[in-house]
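Spelled out, the chains give:
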Protein chains: 2
Amino acid sequence: MIKFRNQEYACTTEITLGLISGKWKILILSYLSHKTCRFNELQKLMPETTQKMLTLQLRELEKDGLIIRKVYAVAPPKVEYMLSELGQRLIPLLTQLCKFGSDYVDSFPLDDSVPSDQHV
Amino acid sequence: MIKFRNQEYACTTEITLGLISGKWKILILSYLSHKTCRFNELQKLMPETTQKMLTLQLRELEKDGLIIRKVYAVAPPKVEYMLSELGQRLIPLLTQLCKFGSDYVDSFPLDDSVPSDQHV
DNA sequence: CGGAATCCAACACGATACTG
DNA sequence: CAGTATCGTGTTGGATTCCG
């Protein structure tokens, strides 16, 4: 049993999962792995997100040390987000998770939208 | 955008995360990676779990093809759980997630909520 | 032994409106 | 431009009880 930030974990795997388990975190990290982005830019890249959710996810990623928030003291406001060194180290792992998911989907080729015999 | 099982995903990473994002799934997979276990055994290994939750998580893992449920037609009932080939392929990934989490915890040694008497 | 069924609390997520 | 604030909802996890 591991204690971290007033939370208890049975395994540090759960800590890593906690870092990336948020509705938009994977996407954010993915986009930021390519380039630094402004808030507005991220919004355009993820049109499905609400401002509130995007802000929330960015704040959590920042608090967890995976991204860096850079505020420029100009008008109109300018804020840039980029991966931290920690965040960059996470990217290869995400790539592997992505690869597994992709293989996984391929291993269930007939499962897409065919509820033929769900009555098990 | 990927469609899979009537769900939409922005990235297959999210599919993999969905497979292992359940309160007890990591632990279950971890235990089953060492040996085949009966329901009762898993319960003893995870005393914090309720029967309902353990059953639910096992059912999901089975439905997702990560574990195999083997029912013996005997009295009293005997049910064994083991990793599928797909589940086995997931283990190295979990190990890496675990490693990252462990490194992550070490990189925040001054975190306010970590008790100082932790000599890890 | 290995469940299923029911009820309930917490929280993640979302829609919408407002702001320095 | 880059956010807050408020309110509402769906999903997840948990406690408890009953069953073949």
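Conventions we followed
- Residues numbered from 1 in each chain as written.
- Chains lettered and ligands numbered in written order.
- Predicted model: local features only at pLDDT ≥ 70, side-chain atom pairs only at ≥ 80, totals over all residues.
- Heavy atoms only, no water.
- Near = heavy atom within 4 Å.
- Polar contact = N/O pair within 3.5 Å; in protein donor to acceptor, adjacent residues only side chain to side chain.
- Helix = DSSP H or I, 4+ residues; strand = E, 2+ residues; numbered from the N terminus.
- Nonpolar A, V, L, I, M, F, W, Y, C, P; charged D, E, K, R; others polar.
- Pairing = 2+ DSSP bridges.
- Contact = heavy atoms within 4.5 Å.
- Axes fitted to C-alpha atoms, helices over the stretch in contact; angles between N-to-C directions.
- pLDDT = per-residue confidence, 0-100.

Looking at an unreviewed UniProt entry, one finds chain A named Helix-turn-helix transcriptional regulator and attributed to Paenibacillus apii.

**Q** Describe the protein's contact with DNA strand C, with residues and values.
**A** The environment of DNA strand C is formed by 20 residues, the closest being Lys-52 of chain A together with Asn-40, Arg-59, Arg-69 and Tyr-81 of chain B. Atoms of DNA strand C within 4 Å of the protein belong to the sugar or the phosphate in 67% of instances, the rest to bases. Separating a phosphate oxygen of DNA strand C from a side-chain N or O atom of Arg-38 of chain B is a distance of 3.1 Å. Taking Arg-69 of chain B, its side chain carries an N or O atom lying 2.4 Å from a phosphate oxygen of DNA strand C. Secondary structure elements with two or more residues in the surface near DNA strand C: α4 (51–63) of chain A together with α3 (39–45), α4 (51–63) and β5 (78–83) of chain B. Looking at side-chain class alone, the surface near DNA strand C contains eight nonpolar, five polar and seven charged residues.

**Q** Lay out the protein's contact with DNA strand D in plain terms, naming residues and giving numbers.
**A** With respect to spatial proximity, 21 residues lie near DNA strand D, and among them Asn-40, Gln-51, Arg-69 and Tyr-81 of chain A together with Lys-52 of chain B are the closest. Within 4 Å of the protein, the atoms of DNA strand D are drawn from sugar and phosphate moieties in a proportion of 69%. Measuring from a phosphate oxygen of DNA strand D, one finds a side-chain N or O atom of Arg-69 of chain A at 2.4 Å. Take Val-79 of chain A: an N or O atom from its main chain is 3.3 Å from a phosphate oxygen of DNA strand D. At the level of elements, α3 (39–45), α4 and β5 (78–83) of chain A together with α4 of chain B are the ones that each hand at least two residues to the surface near DNA strand D. In terms of residue count, the dominant contributor to the surface near DNA strand D is α4 of chain A (four residues). A breakdown of the residues in the surface near DNA strand D according to their chemical character gives eight nonpolar, six polar and seven charged.

**Q** Break down the pairing of strand β4 (residues 67–72) of chain A for me, citing the residues and quoting the values.
**A** All names here are of chain A. Looking at chain direction, β4 and β5 are connected through six bridges and run antiparallel. Across the sheet, the residue bridging to Arg-69 is Tyr-81, located in β5. Taking the residues that link successive antiparallel strands as the turn, the β4-β5 hairpin has five residues.

**Q** Report on the sheet that holds β4 of chain A, specifying residues and quantitative values.
**A** All names here are of chain A. The three strands lie next to each other as β3-β5-β4, forming an open sheet whose pairing is antiparallel. Either end of the sheet is taken by a strand with one partner, and the two such strands are β3 (37–38) and β4. Packing against the sheet, helix α2 (residues 25–34) makes contact with β3, β4 and β5, and its axis sits at approximately 90° to β5.

**Q** I'd like a description of the confidence of the model for chain A, backed by residues and values.
**A** Chain-level statistics for chain A give a pLDDT mean of 91 and a share of 90% at 70 or above. Predicted confidence for residues 112–120 of chain A stays below pLDDT 50, and this span has five contacts to residues more than four positions away or in other chains.

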